[in-house]
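So the chains spell out like this:
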Amino acid sequence: MYKTYLTLPEVVPKKLCDTMIEESSSYDEHLAGVMWKKEADLKKDRNSKIRFYPIDHWVVPKLCEIAAEINKEYYGFDISNLQCPQFAEYKKGQHYQWHRDIYPPEPDGPYPGLIRKLSMCIQLSNFEDYKGGILQVKNMDGKIEPIEGFKNKGDMIMFPSFNLHRIKAVTEGTRHSLVCWFMGQPFR
Ligand SMILES: O=C(O)CCC(=O)C(=O)O
Ligand SMILES: [Fe+2]
């Protein structure tokens, strides 16, 4: 049966999540943009801070292994690549409105001819560390699908990049996450 999303609770050891947060400061910080809008409203649409980890980061091989297994079992997409993992920080009031991660291939971009097919997010913070900031995903009927198993530090969720999803505003504390996009030739 088609799965809107899959969660893998506690798949990344908590210590490694902490290490990823600690080392994040060695990578440049950007104000997050919005791929599908040239003139995004960076208050209304999305207003978190992001950093990109290098493609040879130690966490990448493990994430690829997990993605390959889940993809083989549930989605069967043709995947050939991944983008540099994105580390994000959401403080009070920060959010990312409803969006899809998929967008058309960019011939002149860093991944020419490829599109995002599978999205993977990892909770790097404990759920006690913040309030709000939850991830919601819509199913094929356009309804919000309740999510279980994606709350604690080290929990992972994967879903097709064409699914609508959002991060509701954090109302207290700070949420950190790591997102990876697995890419391939456009669907045909
Ligand atoms: O922070 C997250 O868990 C997901 C963020 C997101 O949807 C994205 O960066 O595309
Ligand atoms: Fe997203």
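This text gives an overview of the structure that appears in the document. (Residues numbered from 1 in each chain as written. Chains lettered and ligands numbered in written order. Predicted model: local features only at pLDDT ≥ 70, side-chain atom pairs only at ≥ 80, totals over all residues.)

Of regular secondary structure, the protein chain possesses 2 helices and 14 strands. Projected onto its principal axes, the C-alpha coordinates of the protein chain cover approximately 45 × 40 × 35 Å. Within the span of the protein chain, comprising 188 residues, buried residues form 27% of the whole. Contacts in the protein chain between residues at least 24 apart in sequence constitute 84% of all its contacts with a sequence separation of at least 6. (Helix = DSSP H or I, 4+ residues; strand = E, 2+ residues; numbered from the N terminus. Buried ≥ 20, exposed ≤ 12 C-beta atoms within 10 Å, placed from the backbone. Contact = placed C-beta atoms within 7 Å.)

Once that is clear, we can look at the environment of serine 26. Structurally, the position occupied by serine 26 is in the loop between helix 1 (14–23) and strand 2 (30–31). The exposure class of serine 26 is exposed, given the 8 C-beta atoms found within 10 Å. C-alpha of serine 26 to C-alpha of arginine 51: the two residues are 25 residues apart in sequence and 9.3 Å apart in space.

Turning to the nonpolar core, a few remarks are in order. By size, the foremost hydrophobic cluster in this structure holds 31 residues, and its most contacted members are Met120, Ile157, Met158 and Phe182. Those elements that place two or more of their residues in this core are helix 1, helix 2 (60–75), strand 5 (86–90), strand 7 (115–123), strand 11 (156–160) and strand 14 (175–184). (Core = buried A, V, L, I, M, F, W, Y, C linked by C-beta atoms within 7 Å.)

This next bit is on the site of ligand 1. Around ligand 1, the structure places Gln86, Ala88, Tyr96, Asp101, Cys121, Leu135, His165, Ile167, Ser177 and Val179. Those elements giving two or more residues to the shell around ligand 1 turn out to be strand 5, strand 12 (165–167) and strand 14. Taken together, the residues of the shell around ligand 1 sort by class into 6 nonpolar, 3 polar and 1 charged. (Near = placed C-beta within 6 Å. Nonpolar A, V, L, I, M, F, W, Y, C, P; charged D, E, K, R; others polar.)

Moving on, we come to unusual backbone geometry. Only a minority of non-glycine residues have a phi that is not negative, and only a minority of peptide bonds are not trans. For glutamate 10, which is not glycine, the phi torsion reads 50° and is therefore positive. Inspection of the secondary structure puts glutamate 10 in the loop between strand 1 (6–8) and helix 1.

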